[in-house]
Amino acid sequence: MSEQNNPYGAPTTGHLWDDNLAELTNQPPKWWMIGLHASWILVLLYGIAYPMWPWFGGATTGLLGWTQIGEYKQDMAAIQSVRAKYEDQLPGMSASAILADSELSEYVVRSAKVLFGDNCAACHGGGGQGNPGYPNLVDDDWLYGGDIDTIVMSIANGRMGMMPAKGGVAMTDAEIEQLATAISQGQPTSSPLFMEKACFACHGMDGKGMHALGAPNLTDAIWRFGDGSVEAIKYTIAHGVNDPSSAQTRNAVMPKFGDRLNETDIKKLAVYVSKLGAN
Amino acid sequence: MNDQVDKQAQADELYAEAHYWHVNTGNETIHAKRMPGRFRNLKWGAAAVWLVFFLGPYLRWGDRQAVLFDIPDRQFHIFGITILPQDVWMLSLVLLFFAILLAVITSIAGRVFCGYFCFQTVWTDIFTWIEEKLEGAPQKRRKLDEAPWNFTKIRIKVIKHTLWILIGALTGISFTLWFGDAFEMWQGYFTLNAGAMAWGSVAVFTFFTYLFAGHMREQVCFWLCPYARIQGVMYDQETILPAYDFNRGEPRGKLKKGHIEQGKGDCIDCGQCVAVCPTGIDIRHGQQEGCITCSLCLDACDSVMDKVGRPQGLIRYASMDELEGKPALKMFQRPRVLVYLTILTLALAGIIYGLFNLSGIEVKVLHERQPLYVQQSDGSIQNKYSVKILNKTVQDQQIRLVVEGLPGLSVSGGEGSITAGKGRITSYTVFVRVPRENLKAESTPITFRIQAEGDEELTSTYTSMFIGPRR
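Just so you know, these numbers come straight off a predicted model, no measurement behind them.

Reading the values: rules and limits
Residues numbered from 1 in each chain as written. Chains lettered and ligands numbered in written order. Predicted model: local features only at pLDDT ≥ 70, side-chain atom pairs only at ≥ 80, totals over all residues. Heavy atoms only, no water. Domains from an automatic or database assignment. Contact = heavy atoms within 4.5 Å. Buried area = accessible area lost by both parts, 1.4 Å probe. Salt bridge = Lys/Arg side-chain N within 4 Å of Asp/Glu carboxyl O. Polar contact = N/O pair within 3.5 Å; in protein donor to acceptor, adjacent residues only side chain to side chain. Nonpolar A, V, L, I, M, F, W, Y, C, P; charged D, E, K, R; others polar. Helix = DSSP H or I, 4+ residues; strand = E, 2+ residues; numbered from the N terminus. Buried < 20%, exposed > 50% of the residue type's maximum accessible area, 1.4 Å probe, protein only. Pairing = 2+ DSSP bridges. Axes fitted to C-alpha atoms, helices over the stretch in contact; angles between N-to-C directions.

Residue and element names in this part refer to chain B. Once the domains are mapped, chain B shows domain 1 (16–358) and domain 2 (361–467). Each of domain 1 and domain 2 has a C-alpha centre, and the two are 54 Å apart. Listed per partner, the contact involves five residues of domain 1 and five residues of domain 2. Between domain 1 and domain 2 the total buried area reaches about 410 Å² when both faces are included, carbon and sulfur atoms providing 56% of it. There are zero salt bridges connecting domain 1 and domain 2. Here domain 1 is connected to domain 2 by zero residue pairs in polar contact (both at pLDDT 80 or more). Among the residues making up the side of domain 1 that touches domain 2, the classes are represented as two nonpolar, two polar and one charged.

Before going further, it helps to spend a moment on unusual backbone geometry. Glu250 of chain B connects to Pro251 of chain B through a cis peptide bond whose omega is -10 degrees. A positive phi is found at Asn242 of chain A, a non-glycine position, where the angle reads about 50 degrees. Tracing the chain through its elements places Asn242 of chain A in the loop between α11 (230–239) and α12 (263–276). Judged by its relative accessible area of 7%, Asn242 of chain A falls in the buried class. A positive phi angle, close to 60 degrees, is found at Leu192 of chain B, a residue other than glycine. Residue position: Leu192 of chain B is located in the loop between α9 (182–190) and α10 (196–216). For Leu192 of chain B, a relative accessible area of 64% puts it in the exposed group.

Before going further, it helps to spend a moment on the domain arrangement of chain A. Looking at the assigned domains, one finds that chain A contains domain 1 (3–57), domain 2 (86–159 + 256–276) and domain 3 (165–239). Here domain 1 of chain A and domain 3 of chain A have C-alpha centroids that lie 86 Å from each other.

So, on to the sheet that holds strand β3 (residues 67–70) of chain B. All names here are of chain B. Strand order in the open sheet formed by three strands is β3-β4-β5, with antiparallel pairing between adjacent strands. The outermost strands of the open sheet, each flanked by one partner alone, are β3 and β5 (81–83). Between one strand and the next, the sheet's axes are offset by a mean angle of 15 degrees, whatever the strand orientation. Where β3 and strand β4 (residues 75–78) come together, four bridges link them in antiparallel fashion. Bridge pairing in β4 places Asp70 opposite Gln75.

Pasting the structure below:
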């Protein structure tokens, strides 16, 4: 070994490789040893302060009494105390009163996003834009009415409209074709069949629907099923909606949320939904 | 056999430099001698810059602290200017400015920051100054270190370490004062009511100031500081550094009868340059990583040269080219300097532009993506936007919103005037409806302009998109 390789003459293991390579056995630097000892002391202190050592029936609890679930509950309590200012008001107010209060409705719009995501978005889409077969909540057309109290009822009790296949009367394919064409042009009343087959009973004399029955407006640009094409309308007329006698009927069921959600949550959702699309 | 010898010779050559390598791992405390001189005075002047750090928080501006980094409220107040997180791009320019400033100065004159301004250097300087006042000259300090513990030694050491810790605490407290009202925070410290964050910062600063400036000193520069390593690569042949003029000094030799011997260089090997060095290096070995370019050896050598009647500047600020007798480029002919200066100017221009164009209010508009558009029952198309108004002024503003860009558009939400609270973001939802026949493309730009009532200057515009059905 050259002298310069080990200038301080540190002790070696005595082995020599490749003529001049030796392994020194000197102490690591002092700061490194301090670090080593500080580390294990810290581990011990940590074990005293926090739950760490396995013990009968679980683990030691630690002097600080800290638990993960405790910290979680503490954080939740902190959030709830911030929200309490608004949340405490909600149970005593009607949904329309909440909607009228700009600060509360703003709070609901921000906080009920989670509720909407959990309960509504599966069918109506994350933004309330609807999905094929499920109604759009952001447009200005409402099957059962878009005022806040009606929305509360729709959520709490659910909805299940009914349209008999072929209007419950006999209809030939040609008649269906004629009626569907008139409807797709936005002028259902232009076809005499609209009166003849008693469509008006639910969809109204002017074809603009009836909120009480959930019968849609046939004259506007919004379509409950399909895209407003003649084919889609023909299918709806031929098979009906929720008609138990027709195997291929269109399904349209809004489940009842009254027994799943509490009243306040339903009110929140109603406010959230009515704020979704300017209404 | 010959091969063996050859290899040995090669290895020895490889390690030849190691003869004068002194790897400083802090086994021995460096007790540097203090000598008066030009550069010593310059260093005190440079260190005085740090008075700003200690005194700055007590400056007032109106009813608040002049410079306040208000982290909880996310606001930086610098005299009359308030900077919000939205203006943080200026901070990146400030950082760029200082990074390049460091580069350009290092390229021109070496580790000026390390030698004169760095807190490690300045605090160590103060700490060793206290040490000298209490324990005496380096020789006496070494003796005291080796002396057995007795009452005098304990007294001196206790006073010294107490003073060091006090300086550390003052450093930590002064640091925290920039982030809260200085007077209130002092009150908090005295009544033991300061926040956990404040106590923690003071504790960390006190500990590390005491450890770094009191105990580790040059070890920080040798083994911890990244700048010490980075700055070395910014040097070139033209960088002027405190350097030993080997042509003039060598061969060195001790004085004989008070005179430099015939045939010897000017260096009389008195060792003063090593004695005064705070990092314990020998500048005569040339430029090296341990040199923080503090120039204290220049003072030492100059005073010795005066005594032996030789001209000053055996150790002086000189570039490699100069020492080797090559012609040196002028500073502004060096491409490196020019490139650095260009970046420096650009960053500065950006900062000045930013400061003069801090708008009082700002509008940002987010287009709703789910769904991108909604068809209404009359066939018109509706888009939903989230409008965010940032009010950076010191009072609430009444804001009016105007949306333009498509014929026949109607706006609902945000009619009339909206109150934008001072120093925060007010957001609300706006619906824009356009008759379908007026849409000529799938997406059309539309502008949102906000205007504060009663102040024509306060206005901001944002261009978003109006999305319609695919055509």
